[in-house]
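Overview (structure and organization)
Given next are the chains, with one letter for each unit.
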Amino acid sequence: MKRLIFLGPPGAGKGTQAKIVAEQLGIPHISTGEILRGAVSAQTLLGQKAQSYMDKGELVPDELLIDLIRDRLNQPDAQKGWILDGFPRNVSQAHFLNDLLQELDQTFDGAINLEVPDQVLIDRLLERGRKEGRTDDNEETIRTRLEVYNLQTAPLVKFYQEHSALKSINGDLSLEQVTESIKQVLG
Ligand SMILES: Nc1ncnc2c1ncn2[C@@H]1O[C@H](COP(=O)(O)OP(=O)(O)OP(=O)(O)O)[C@@H](O)[C@H]1O
Ligand SMILES: Nc1ncnc2c1ncn2[C@@H]1O[C@H](COP(=O)(O)O)[C@@H](O)[C@H]1O
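Residues numbered from 1 in each chain as written. Chains lettered and ligands numbered in written order. Predicted model: local features only at pLDDT ≥ 70, side-chain atom pairs only at ≥ 80, totals over all residues. Heavy atoms only, no water.

**Quick notes on the overall build of the protein chain**
Looking only at helices and strands, one finds nine helices and five strands in the protein chain. Relative to the compact-globule value of 16 Å for 187 residues, the protein chain shows a C-alpha radius of gyration of 16 Å, a close match. Overall, the C-alpha framework of the protein chain stretches about 40 × 40 × 30 Å when taken along its three principal axes. Each of the 187 residues in the protein chain was classed as buried or not, and the buried ones make up 46%. Contacts spanning at least 24 positions in sequence make up 73% of the contacts within the protein chain whose residues lie at least 6 apart. Entry remark: accessible area of the protein chain is about 9,600 Å², with carbon and sulfur atoms responsible for 48%. Treating the 21 positive side-chain charges of the protein chain as one cloud and the 28 negative ones as another, the clouds have centres 2 Å apart. (Helix = DSSP H or I, 4+ residues; strand = E, 2+ residues; numbered from the N terminus. Rg over C-alpha atoms; globule rule 2.2 N^0.38 Å. Buried < 20%, exposed > 50% of the residue type's maximum accessible area, 1.4 Å probe, protein only. Contact = heavy atoms within 4.5 Å. Areas by Shrake-Rupley, 256 points an atom, 1.4 Å probe, with all protein chains shown as cover. Lys, Arg positive; Asp, Glu negative; His and termini not counted. Charge placed at Lys NZ, Arg CZ, Asp CG, Glu CD.)

Below you can see the structure in the form of structure tokens.
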């Protein structure tokens with residue numbers, strides 16, 4: 001059983017690594033960004049409410065994420081473990097997650113924090129924008145997302161250091177080397 005949180009700034013490689021590790025462990029990779037992008041494409045009510053925040057690179061209001069995560073962690077495939085990517089994104093979401101796990105009588109095994117220098121992040125995101133066409137991978141929105149990360153998400157590194165196991169990993173290595181470091185940390 002593994003319940004893990006992948007932390008790190010935009011472009012650190014959370015999604016890339018979470019997909020690989022989740023597949024190897026046979027647990028779901030739960031990316032709130034992916035779920036929200038799906039909702040925007042499908043133009044659901046959630047997507048309509050989230051879109052303007054996502055376009056600007058700002059966080060979507062907590063109340064929209066809370067039901068989404070509660071529903072997702074209650075699904076049958078999530079009973080065998082999960083990797084959360086993109087959630088929690090601020091301290092209040094982290095408190096919510098702690099309360100939800102208590103309610104579900106679940107604990108979590110730790111947070112993996114991927115560290116990558118800002119210029120590498122910007123280069124990766126611009127390249128991802130060119131290749132995959134993610135509309136928030138443009139210079140202006142990337143700048144906002146990095147600011148939002150520093151102000152609202154980076155405090156979670158200290159939060160998880162204080163509350164439980166946090167392992168920081170150098171994410172500025174090849175894909176394979178980062179996967180190997182994560183595996184070593186997970187034992
Ligand atoms: N170790 C690596 N070396 C080079 N490129 C990488 C590495 N890891 C990921 N990338 C590339 O960098 C881009 C960002 O990676 P990824 O989407 O996994 O980041 P993320 O942390 O999930 O970002 P976001 O939070 O913005 O969704 C992708 O195009 C991915 O292919
Ligand atoms: N946990 C979240 N809280 C608020 N907003 C979120 C959250 N997860 C995703 N978002 C929004 O979606 C985009 C893209 O997210 P990625 O994790 O980078 O795919 C993000 O900028 C927020 O607007």
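**Let's talk about the site of ligand 2**
Residues in close proximity to ligand 2 total 15 residues, the closest being Thr32, Arg37, Glu58, Gly86 and Gln93. In the model, an oxygen atom of ligand 2 is placed 3.0 Å from a nitrogen or oxygen of the Arg89 side chain. Compared with its free state, where it exposes 480 Å², ligand 2 has 95% of that area covered by protein. Broken down by element, the residue count for the shell around ligand 2 peaks at four residues, all from helix 2 (residues 32-41). Looking at the shell around ligand 2 residue by residue, the classes come out as six nonpolar, four polar and five charged. (Near = heavy atom within 4 Å. Polar contact = N/O pair within 3.5 Å; in protein donor to acceptor, adjacent residues only side chain to side chain. Nonpolar A, V, L, I, M, F, W, Y, C, P; charged D, E, K, R; others polar.)

**Looking at the layout of surface pockets**
Estimates place the volume of the largest pocket at around 1,100 Å³. Looking at the largest pocket, it is lined by 50 residues, and the ones nearest its centre are Gly11, Lys14, Arg128, Arg134 and Arg145. Those elements giving two or more residues to the lining of the largest pocket turn out to be strand 1 (2-7), helix 1 (14-25), strand 2 (29-31), helix 2, helix 6 (118-132), helix 7 (139-153) and helix 9 (175-186). For the lining of the largest pocket, the element with the most residues is helix 6, which contributes six residues. In terms of residue class, the lining of the largest pocket is built from 19 nonpolar, 16 polar and 15 charged. (1 Å grid on protein atoms, 1.4 Å probe; cavity = no way out; pocket = protein on both sides within 12 Å on 5 of 7 lines; lining within 4 Å. Points joined across faces, edges and corners; volume = space filled by probe spheres on them.)

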